[in-house]
Amino acid sequence: MTATHPLDAAGPAPREPLRKARTEILDVGRPLEVSHWPGAPGRMPLLLCSGIGTSSSLFDLLVEHLDPERPLIAVNPPGLGTSPPPKAPYIMHTMARCLRLAVDRLGYDRTDVLGISWGGALAQQFAFQNPRRCHRAVLVATATGWMCVPPNPRTLARMATPRRHRNPAYAKRIAGELYGGSARQDPAGTVDMLHSAPSATPVRSYLYQLGAGTGWASLPALRMVRQPTLVLAGDDDPIIPTANARLMSAALPHGRLHIYRGGHLALLTEAAELAPVIENFLDER
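Residues numbered from 1 in each chain as written. Predicted model: local features only at pLDDT ≥ 70, side-chain atom pairs only at ≥ 80, totals over all residues. Heavy atoms only, no water.

Draft legend 1. Summary view of the side chain of T54. By the element assignment, T54 lies in the loop between β4 (46-49) and α1 (60-65). Here T54 falls in the buried class, since its relative accessible area comes to 8%. Of the polar contacts made by the side chain of T54, one reaches the side chain of S50; its length is 2.7 Å. Within polar-contact distance, the side chain of T54 engages the backbone oxygen of G51 at 2.9 Å. Among all residues touching T54, those that are not within four sequence positions of it are L80, H165 and L194. (Helix = DSSP H or I, 4+ residues; strand = E, 2+ residues; numbered from the N terminus. Buried < 20%, exposed > 50% of the residue type's maximum accessible area, 1.4 Å probe, protein only. Polar contact = N/O pair within 3.5 Å; in protein donor to acceptor, adjacent residues only side chain to side chain. Contact = heavy atoms within 4.5 Å.)

Draft legend 2. Up close: the pairing of strand β5 (residues 72-75). Residues L72 and A74 line one face of β5 and the alternating positions I73 and V75 line the opposite face, and both faces are buried. Two strands pair when backbone bridges link them, and strand β3 (residues 31-37) and β5 are joined in this way by 4 bridges, in the antiparallel orientation. Within β5, the residue paired with V34 across the bridge is V75. Relative to β5, β4 is paired through 3 bridges, and the arrangement is parallel. Counterpart to L46 in the pairing with β5 is L72. You can see the chain leave β4, run along α1 and come back into β5, and the turn it takes is right-handed. (Pairing = 2+ DSSP bridges. Right-handed = clockwise from strand over helix to strand, strands pointing away.)

Draft legend 3. Here's a closer look at the pattern of salt bridges. Evaluated as defined, the whole model comprises 12 salt bridges. Here R133 makes a salt bridge to D104, at a shortest N to O gap of 2.5 Å. Residue R133 is located in the loop between α3 (118-129) and β7 (134-140), and its partner D104 is located in helix α2 (residues 92-105); the two are separated by 29 residues in the primary sequence. With a relative accessible area of 21%, R133 lands in the partly exposed category. Residue D104 is classed as partly exposed on the basis of its relative accessible area, which comes to 30%. Residues K172 and D192 are paired through a salt bridge, measuring 3.2 Å at the closest nitrogen-oxygen approach. Taken together, the residues span a long stretch of sequence, with K172 in helix α6 (residues 168-179) and D192 in helix α7 (residues 187-194) at a distance of 20 residues. Owing to a relative accessible area of 26%, D192 belongs among the partly exposed residues under this scheme. (Salt bridge = Lys/Arg side-chain N within 4 Å of Asp/Glu carboxyl O.)

Draft legend 4. Representation of empty space enclosed by the protein. Scanning the entire structure with this criterion turns up 5 cavities of 30 Å³ or more. Taken as a whole, the largest cavity holds about 110 Å³ of empty space. Around the largest cavity, the lining is made up of 14 residues, and of these G51, I52, S117, H264 and L265 lie nearest the centre. (1 Å grid on protein atoms, 1.4 Å probe; cavity = no way out; pocket = protein on both sides within 12 Å on 5 of 7 lines; lining within 4 Å. Points joined across faces, edges and corners; volume = space filled by probe spheres on them.)

Draft legend 5. Region of the structure containing the nonpolar core. Membership of the largest hydrophobic core comes to 84 residues, with the highest contact counts inside it found for L48, L114, V138, V140 and L267. It is α2 that contributes the most residues to this core, 8 residues altogether. The contact partners of L114, leaving out residues within four places of it in the chain, are L46, L47, L48, C49, F59, L62, A123, V138, V140, L267 and I278. (Core = buried A, V, L, I, M, F, W, Y, C linked by side-chain atoms within 4.5 Å.)

Draft legend 6. Region of the structure containing the pairing of β3. Within β3, 6 of the 7 residues are buried, leaving the element largely enclosed by the surrounding structure. Hairpin connection between strand β2 (residues 22-27) and β3: a loop of 3 residues separates the two successive antiparallel strands, and G29 in this loop has a positive phi of roughly 95 degrees.

Draft legend 7. Structural detail: the packing of α2 against α3. Running from amino to carboxyl end, α2 crosses α3 at an angle of 70 degrees, the nearest separation of the two axes being 9 Å. Accordingly, the angle class assigned to the pair α2 and α3 is roughly perpendicular. Listed contacts from α3 to M92, H93, M95, A96, R97, L99 and R100 of α2 are W118, A121, L122, Q125, F126 and Q129. When the residues that make up the contact of α2 with α3 are grouped by side-chain class, the tally is 8 nonpolar, 3 polar and 2 charged. (Axes fitted to C-alpha atoms, helices over the stretch in contact; angles between N-to-C directions. Parallel < 35°, antiparallel > 145°, perpendicular 65-115°, else oblique. Nonpolar A, V, L, I, M, F, W, Y, C, P; charged D, E, K, R; others polar.)

Draft legend 8. Here's a closer look at the packing of aromatic side chains. Evaluation of the coordinates by the stated rule reveals 0 aromatic pairs. Above the face of the F281 ring, R136 is positioned so that its terminal group lies 4.9 Å from the ring centre. A cation over a ring is seen here: R163 above Y170, with NZ or CZ 3.8 Å from the ring centre. (Phe/Tyr/Trp six-rings, centres within 6.5 Å; stacked < 30°, edge-to-face > 60°. Lys NZ or Arg CZ within 6 Å of the ring centre and 35° of its normal.)

Quick look at the structure:
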């Protein structure tokens, strides 16, 4: 089943973002939804890569706290947002190529990249494949693929299906234990922020994303990443144990570690606190 479906239960009304993107379907090796927030001429853009099962709307709150003169780009994987459903499985290399073509289509020579969770893996792949086109990387609540310090089996089992992206009541029931951080005190609020889109994540799209990450590993290649890289990790992230961030920052030649107080979705729930950390890193010379 690949069609987009209404969520199983009504959620909050979609929140109107303060900074609006120009969104269109572009042929970037395949037709995908590309969002572009133009900034000041000459500024380095920031390419945003979202987590599994979530569209680029995940970044709406972060966007409001980033410098409005910084151009931003987001590409929705197949089946998410208004991107057409996937016709066949794909790999990280394929998606990283789509990102590069999107940057080309928008007229930029180089870009910074930021990815969270599954999108953090994609951001690493983008940096590997495009050493001259990727300026700096920010990796948030992410790891090194199958060669990582895994979460507990209960968390892994919950991540194996898109149920939490299709059933808000179930998502609110497990949010505290799954996402950690402020979701432990306010699971309903966290889920409402995460699922602002009016439609549920298509099952096939989720499984293809899961498949793209299943056979992927970056640990052997991290030493070849020459870009300055900021690794952001929460001290209460049940999905990505903090040991992964320590491992990555140690392996990256120009890695820097920032541990924040919070869980897997702090980039969403504590965007105001994390945005300055990201801004300061990207603006360094």
